[in-house]
Amino acid sequence: MTIDLTETSTSAIASALQQARQRLGGPASGMVLTLVIVTDEAAQYDAVRAANEAAREHPCRVLVVITRRPTAGPRLDAEIRVGETSPGETMLLRMYGPTGQHADSVVAPLLLPDTPVVTWWPGIPPEDPAGNPIGMLAQRRITDAAAVDEPREALAALAASYQPGDTDLSWTRATPWRSLLAAIGIPIASEVSTGPGVTEVSFATSEGEITVTRPDGRVAQLRRPDQPERRVALHRRDTPELLAEELRRLDPDEVYAESLALLGPV
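Residues numbered from 1 in each chain as written. Predicted model: local features only at pLDDT ≥ 70, side-chain atom pairs only at ≥ 80, totals over all residues. Heavy atoms only, no water.

Engineer: Go over the packing of aromatic side chains with me, naming the residues and quoting the values.
Structural biologist: Pairs of aromatic rings are described using the distance from one ring centre to the other and the angle between the two planes. Evaluation of the coordinates by the stated rule reveals two aromatic pairs. In this structure, Arg 75 is placed above the aromatic ring of Tyr 96, and the distance from its NZ or CZ to the ring centre is 4.7 Å. (Phe/Tyr/Trp six-rings, centres within 6.5 Å; stacked < 30°, edge-to-face > 60°. Lys NZ or Arg CZ within 6 Å of the ring centre and 35° of its normal.)

Written out as structure tokens, the structure reads:
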């Protein structure tokens, strides 16, 4: 069911949502969190699709904040989707003019009561996610440094403003590599490849070189001295998988914080 509201208010949205639930047979149940997505019109389709796929594992209310025409007069339009592509509810909130400058005041009344809140910026991240008005509503804040031209600089900026509850999908993408490789305290050097993602890790040991290569983004080859070559499943995961992994844990990621500290103060 899809309900379109133009020049509306948060109370009208809440009322329309309640009526939609009644038409579908009862109150909302089983939703475990509210996911707030801050994006733009061009990127909202992919972001909503990723959220809906992740919601199959984590039923949730999805609030999509889209700011349009900042010089226009104040206006709020809403598109409510209930019982369509995923368990839970999705609301696209299109804010014009001054309304978009106070998006947190629109979002706050629509949060699920007594459940965690997660804010996700799939595009350019704010310099201070925890200090962002919408980020302040959330226990977990997800950014994606890969969305900008200089990911390392973006991560350094995120390190400078880090607060418990912050995380980044570039860290989530590295989960399979982190699971495969033991943490060792040795000097490292990095080289830029054409991808996709990490393509090779090598270790120089007294017995010879150990390498893990993944040129195709799917299967890696593990080579060790005097050992047969071994194939390791190491596929490069898409955004819904990454988002679903982050929604599994709502406590601060201390290992991420420790790693981020290497790029700047935490």
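Having seen the model, we can carry on.
Engineer: Before we move on, can you summarise the pairing of strand β9 (residues 200-205) with the specific residues and values?
Structural biologist: Note that β9 and strand β10 (residues 208-213) share six bridges and pair antiparallel. Looking across to β10, one finds that Ala 204 is bridged to Glu 209. Counted between consecutive antiparallel strands, the loop separating β9 from β10 contains two residues. (Pairing = 2+ DSSP bridges. Helix = DSSP H or I, 4+ residues; strand = E, 2+ residues; numbered from the N terminus.)

Engineer: Residue-level account of the pattern of salt bridges, with values.
Structural biologist: The full count for this structure, using the stated rule, is 16 salt bridges. The salt bridge involving Asp 77 is made with Arg 75; its shortest N-O contact spans 2.7 Å. Judged by relative accessible area, which is 9%, Asp 77 ranks as buried. Note on Arg 75: relative accessible area 28%, which makes it partly exposed. Across the salt bridge formed by Arg 249 and Asp 251, the nearest N and O atoms sit 3.0 Å from each other. Relative accessible area serves as the criterion here: at 39%, Asp 251 is assigned to the partly exposed category. Through salt bridges that share partners, Glu 41, Arg 68, Glu 79, Arg 81 and Arg 94 make up one connected network. (Salt bridge = Lys/Arg side-chain N within 4 Å of Asp/Glu carboxyl O. Buried < 20%, exposed > 50% of the residue type's maximum accessible area, 1.4 Å probe, protein only.)

Engineer: Go over the side chain of Arg 21, please, and point to the residues and values.
Structural biologist: Tracing the backbone shows Arg 21 in helix α1 (residues 10-23). On the accessibility criterion, Arg 21 (14% relative accessible area) is buried. At 2.9 Å, the side chain of Arg 21 and the side chain of Gln 18 are in polar contact. A distance of 2.9 Å separates the side chain of Arg 21 from the side chain of Glu 89, its partner in a polar contact. (Polar contact = N/O pair within 3.5 Å; in protein donor to acceptor, adjacent residues only side chain to side chain.)

Engineer: An account of unusual backbone geometry is needed here, citing residue identities and associated values.
Structural biologist: With a phi close to 40°, Arg 69 is a non-glycine residue in the positive phi region. Structurally, Arg 69 is set in the loop between β3 (60-68) and β4 (75-82).

Engineer: With reference to specific residues and values, describe the pairing of strand β6 (residues 117-120).
Structural biologist: Neither face of β6 is left uncovered, since the one carrying Val 117 and Thr 119 and the one carrying Val 118 and Trp 120 both have all their residues buried. Bridge count between strand β2 (residues 33-39) and β6: four bridges; the pairing is parallel. Directly across from Thr 34, in β6, lies its bridge partner Val 117. Two elements, β6 and strand β7 (residues 140-143), share three bridges in a ladder whose sense is parallel. Pairing of Trp 120 across the sheet is with Ile 142, part of β7.

Engineer: I'd love a proper account of the sheet that holds strand β12 (residues 230-233), names of residues and values included.
Structural biologist: Here four strands make up an open sheet; going across it, the order is β9-β10-β11-β12 and the pairing antiparallel. Each having just a single partner strand, β9 and β12 make up the two edges of the open sheet. When strand polarity is set aside, the average angle formed by the axes of neighbouring strands in this sheet is 20°. (Axes fitted to C-alpha atoms, helices over the stretch in contact; angles between N-to-C directions.)

Engineer: Before we move on, could you go through the environment of Pro 252 and cite the residues and values that matter?
Structural biologist: Its place among the elements puts Pro 252 in the loop between α8 (239-247) and α9 (254-260). Residues Pro 252 and Gly 165 lie 87 residues apart in sequence; the distance between their C-alpha atoms is 4.5 Å. Setting aside anything within four residues of it in sequence, one finds Pro 252 in contact with Arg 140, Pro 164 and Gly 165. (Contact = heavy atoms within 4.5 Å.)

Engineer: Explain helix α5 (residues 151-160) to me, and be specific about the residues and the numbers.
Structural biologist: Residues Ala 154, Leu 155, Leu 158 and Ala 159 constitute the buried set of α5. Buried residues of α5, viewed axially, fall in a sector of 145°; they line one side. Of the exposed residues in α5, those oriented more than 90 degrees away from the buried face are Glu 153 and Ala 160. Against β7, β8 (166-168), α6 (169-173) and α9 lie the buried residues of α5. (Arc of directions from axis to C-beta.)

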